Amino acid sequence: MTNTLRNFSTSSAKLHDAAIVGLHADGQLLVPRSIAANGKDSLTSILKAAGAKGKAGESRVFYGDFGLGSEVQKVAVVGLGKQGTSAAAKDRVRAAVATGVKALKAQEAKDIGIAGMGHDQAAAEGASLGLYNFNYFKSGKKGAAEDIKISALDLESPDEIQAFKSGLVQAHAQNLARILMETPANHMTPTLFAERFLKEVEALGLEGNKLKVNVRDQAWAEEHKMGAFLSVSRGSDEPLKFLEIQYEGGKAGDRPLGLVGKGVTFDTGGISIKPSANMAAMKGDMGGAATVAAAVWGIAALNLPINLVAGIPLCENMPSGRATKPGDVVTSMSGKTIEVDNTDAEGRLILADALTFISKTYKPHTLIDLATLTGAMDVALGGAYAGVFSTSSSLWSELDAAGEEAHEAFWRMPLHSVYLPQITTNTVADLINTGGRSAGSCTAAIFLREFVHGVERDDGFAQIEDEPSTEVGTLLETTGDVKTGSVRYAHIDIAGVMDTTSTAGYNAKGMTGRPARALIEFAKKLSSQ
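Note that this is a predicted model, so its numbers are computed, not measured.

Some details on the packing of helix α2 (residues 87-106) against helix α3 (residues 120-130)
Viewed as axis vectors pointing N to C, α2 and α3 meet at an angle of 40 degrees, and their least axial separation amounts to 7 Å. One way to sum up the angle between α2 and α3 is to call them oblique. Where α2 crosses over α3, the handedness of that crossing is right-handed. Residues K90, V93, R94, V97, A98, V101 and K102 of α2 touch α3, and the partners they reach there are A122, A123, E125, G126, A127 and G130. Here the residues of the contact of α2 with α3 are counted per class, giving 7 nonpolar, 2 polar and 4 charged.

Okay, structure coming up:
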């Protein structure tokens, strides 16, 4: 994987062999401050002769000395479209720079300098995301992207430098999620996932115990009576793991942000086995775990002033003589019993125990889970949006803004007790893990809500055993939508955005790593409040 942090610099263009400059639709050419006057004039004349319009998606590579440094002999001019400060304008920069680095990579550039585009974070993200190429299992082709360095040209202010560095970090996080999801399941078991994450964390070199990762095993899950989680892992010979992560970047004693990610490293469906067609894609059924792990890495790398806890349950869902059978009843950590109607609805089972553990143990002010949970979500929203289920309007607004900033869009979905009868009636247990064909994503979401300690419910009840804390905190006191509950909760179903079938701009065919950058944006805004 490219270590983008090591490659970050704002040094002279003399170090580069290629550069990227931007061209707006109004003809404004964005070049480094250090460019020689005759070089800018020469480049402008060539662009005019070539008929460059600065339209979004345009990209041309020119050869020669344009006053950007004696070693810079290749210059990619990328179209940025209309100028602006909107999220759409930032995404045009992101896509344009990605197109530029790909063009220069094809010309065997090894060290690419990027001129200021007005949106330094987006430019850095586009460059790093654009160089992503999953080639780890192709003989003789490893390391192509790793050999290319990307850095900024002529950034001067601390804000510009920090924005560019933040872009590299957030893109690296998404690329990490992409790699975790794309890696074949025999190379990304629960054990190997945990080892890879620990390696990434160690590379950060954080001092003291600011970021603590505990890798829990089956004995620990049994001790915590995680019967739902254990029921899914029973069919596999691969041992389960549970990552318990704490990042303490905020004030001591402040309640944390909580994240939970579904980590089924391969999902056959269990006894309710899936059709063989496209089953290989189920190596990505740990997308929730991958994006949470990547977001935690990014938050720590940026040293955000926030406290964070995360729970990542990891296991395989396999058929065997030990596997859970349809109709079996299991007891979750919360004490609620669950009838397993369909073993292919396993994600909500492992999340149930993880949500109970994180919400009861750490009492976060905000708790978000992410999961490639339901095919119904893909049917409803496709690959454009991830669905957000929440009763907290303030939390929804913050997630929506973060998604827009990162261009990883969310769409609000209902989290309402009207769907509860579908999972509480016609069952021999407290709950059943499927609610039928109708509103499949909504019944999955309402199932998960039943395991969040302290969540506000639309029916006037809070899912708590104790009296709510009187120290909810300024954040929650000012939202106006937390009443009897003491935690803002959202479930994000990322099944539809798990992968993409095409390559365009900074998006690469395969697993997407979404919404890792949006989660980091959300944490950045939260930490500044």
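There is more to say after this.
Considerations on the UniProt feature "domain: Cytosol aminopeptidase" (unreviewed entry) in the protein chain
Taking the UniProt record as the reference, the feature "domain: Cytosol aminopeptidase" (unreviewed entry) is found at residues 342-349. Annotated as 38% helix and 0% strand, the span residues 342-349 places its first and last C-alpha atoms 11 Å apart.

Some thoughts on the sheet that holds strand β17 (residues 431-432)
Judged by pairing direction, the sheet is mixed, and its 3 strands sit side by side in the order β12-β13-β17 without closing on themselves. If you trace the sheet from one side to the other, it starts and ends with β12 (329-331) and β17, each paired once. In this sheet, strand β13 (residues 337-339) lies alongside β12 in antiparallel orientation, the contact comprising 3 bridges. Bridged to V329 within β13 is E339.

Things to note about the nonpolar core
Counting residues in each nonpolar core, the largest one holds 66 residues, and the members touching the most others are F193, I245, I312, I368, L399 and I492. Broken down by element, the residue count for this core peaks at 11 residues, all from helix α8 (residues 287-301). Contact partners of I245, with chain neighbours within four places excluded, come to F197, L211, K212, V213, V296, L308, V309, A310 and I312. Counting 50 residues, the second largest nonpolar core, distinct from the first, contains L355, L420, A444 and L448.

Quick word on the side chain of S233
Following the sequence through the fold, S233 ends up in helix α7 (residues 227-233). For S233, a relative accessible area of 7% puts it in the buried group. Separated by 3.1 Å, the side chain of S233 and the backbone oxygen of L230 make a polar contact.

Observations concerning unusual backbone geometry
Cis rather than trans, the peptide bond between R514 and P515 has omega equal to 0 degrees. Among the structural elements, P515 can be located in the loop between β20 (510-511) and α15 (516-528). Unusually for a residue other than glycine, K363 sits at a positive phi of about 45 degrees. Considering the arrangement of structural elements, one finds K363 in the loop between α9 (347-362) and β14 (366-371).

Details of the packing of helix α4 (residues 158-182) against α8
Following both chains from N to C, one finds α4 and α8 inclined at 155 degrees, their axes separated by 8 Å at the closest point. As judged from the angle between their axes, α4 and α8 are roughly antiparallel. You can see that α4 and α8 cross each other, and the crossing is right-handed. Two secondary-structure elements touch here, α4 through V169, H172, A173, L176, A177, L180 and M181 and α8 through G287, A290, T291, A294, W297, G298 and A301. Partitioned by chemical class, the residues of the contact of α4 with α8 number 10 nonpolar, 4 polar and no charged.

Topic: the pairing of strand β4 (residues 74-81)
A large share of β4 lies buried, amounting to 8 of its 8 residues. Alternating positions in β4 separate into two faces, K74, A76, V78 and L80 on one and V75, V77, G79 and G81 on the other, with burial throughout. Note: strand β1 (residues 18-24) against β4, 7 bridges, orientation parallel. The partner of V21 across the bridge, within β4, is V77. Pairing geometry for strand β3 (residues 59-63) and β4, over 5 bridges, is antiparallel. Along β4, the bridge assignment pairs S59 with V78.

Criteria and thresholds
- Residues numbered from 1 in each chain as written.
- Predicted model: local features only at pLDDT ≥ 70, side-chain atom pairs only at ≥ 80, totals over all residues.
- Heavy atoms only, no water.
- Axes fitted to C-alpha atoms, helices over the stretch in contact; angles between N-to-C directions.
- Helix = DSSP H or I, 4+ residues; strand = E, 2+ residues; numbered from the N terminus.
- Parallel < 35°, antiparallel > 145°, perpendicular 65-115°, else oblique.
- Left-handed = near helix turned anticlockwise from the far one by under 90°.
- Contact = heavy atoms within 4.5 Å.
- Nonpolar A, V, L, I, M, F, W, Y, C, P; charged D, E, K, R; others polar.
- UniProt positions renumbered as here; feature names shortened; annotations may be inferred.
- Pairing = 2+ DSSP bridges.
- Core = buried A, V, L, I, M, F, W, Y, C linked by side-chain atoms within 4.5 Å.
- Buried < 20%, exposed > 50% of the residue type's maximum accessible area, 1.4 Å probe, protein only.
- Polar contact = N/O pair within 3.5 Å; in protein donor to acceptor, adjacent residues only side chain to side chain.

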